[in-house]
Amino acid sequence: MRITGGRGEPMTTPPLLWTLEEINRMSKEEFVANLGGIFEHSPWVAEGAYKHIPFQSAAQLHGMMLATARNAEHSRVEALLRAHPDLATRLQVSPLSESEQQGAGLDRLSPEEFARLTELNAAYTEKFRFPFILAVRGKDKDDIIQSIEARLNRSQEEEWEQALAEIGKITAFRLNDLIREKEA
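Residues numbered from 1 in each chain as written. Predicted model: local features only at pLDDT ≥ 70, side-chain atom pairs only at ≥ 80, totals over all residues. Heavy atoms only, no water.

**Examining the overall build of the protein**
- Helix and strand counts for the protein come out as nine helices and zero strands.
- Tracing the protein from N to C terminus, the helices and strands come up as α-α-α-α-α-α-α-α-α.
- Here the protein holds 184 residues, and 45% of them are scored as buried.
- Long-range pairs, those at least 24 residues apart, make up 69% of the contacts in the protein between residues at least 6 apart in sequence. (Helix = DSSP H or I, 4+ residues; strand = E, 2+ residues; numbered from the N terminus. Buried < 20%, exposed > 50% of the residue type's maximum accessible area, 1.4 Å probe, protein only. Contact = heavy atoms within 4.5 Å.)

**Section: the packing of aromatic side chains**
- In total, this model carries seven aromatic pairs according to the counting rule given.
- Between the aromatic rings of phenylalanine 31 and phenylalanine 55, the centroid separation amounts to 6.3 Å while the plane-to-plane angle is 20 degrees, which identifies the pairing as stacked. You can see phenylalanine 31 sitting in helix H2 (residues 28-35) and its partner phenylalanine 55 sitting in the loop between helix H3 (43-50) and helix H4 (58-70), a full 24 residues away along the chain.
- For phenylalanine 31, a relative accessible area of 0% corresponds to the buried category.
- Residue class for phenylalanine 55 comes out buried when judged on its relative accessible area of 2%.
- Both rings, one in tyrosine 124 and one in phenylalanine 130, keep their centres 5.9 Å apart while their planes meet at 75 degrees; by these two values the pair is edge-to-face.
- For tyrosine 124, a relative accessible area of 0% puts it in the buried group. (Phe/Tyr/Trp six-rings, centres within 6.5 Å; stacked < 30°, edge-to-face > 60°.)

**Concerning H2**
- In terms of burial, H2 is a largely internal element, six of the eight residues being buried.
- Along H2, the residues classified as buried are Glu30, Phe31, Val32, Ala33, Asn34 and Leu35.
- As for H2, its buried residues are in contact with helix H1 (20-24), H3, H4 and helix H9 (156-178).

**Here's the deal with the packing of H3 against H4**
- Relative orientation of the contacting elements H3 and H4 amounts to 115 degrees, with a least axis distance of 8 Å. The chirality of how H3 crosses H4 is right-handed. Residue-level inspection shows Trp44, Val45, Ala46, Gly48 and Ala49 of H3 in contact with H4, the latter providing Met64, Met65, Thr68 and Ala69.
- Considering only residue class, the contact of H3 with H4 consists of seven nonpolar, two polar and no charged. (Axes fitted to C-alpha atoms, helices over the stretch in contact; angles between N-to-C directions. Left-handed = near helix turned anticlockwise from the far one by under 90°. Nonpolar A, V, L, I, M, F, W, Y, C, P; charged D, E, K, R; others polar.)

Laid out in structure tokens, this is it:
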């Protein structure tokens, strides 16, 4: 994510957190630059949500971002789903995805676990035409493998909805990690 100052110029020491009031004062360009990465490679979600500024709460902001994503045309939602990386991939992923996957231990898989997850990811993507999406925070590698095995047995419609629900969880974590309470 690019972080900018009050007039759109890049900040030399970016804040780790913003208050909701600071977010509400951002220009459209700042808002998209700073919050556009919350939805994986889909800054259009932040751009769409910006139309509803000011937000009264982080939950309202997240709800508007999620509604923007869910209500987009089918091809755009499909592109959002496809923008997510395979879990435990050794390819380049966004810094947010990398941090989340490391937290679940996916960077420390044995060769056998890596092969199994690669096989499951391939089967899932072949069946559903988008990668397996799971909010991995609080989960470990065994939870993740069990989840993908179970979800492979679902219908296309069920898995589309589950993937969007997981994106909702992922993006809520990401957004809440960026917003701090207003100082007293």
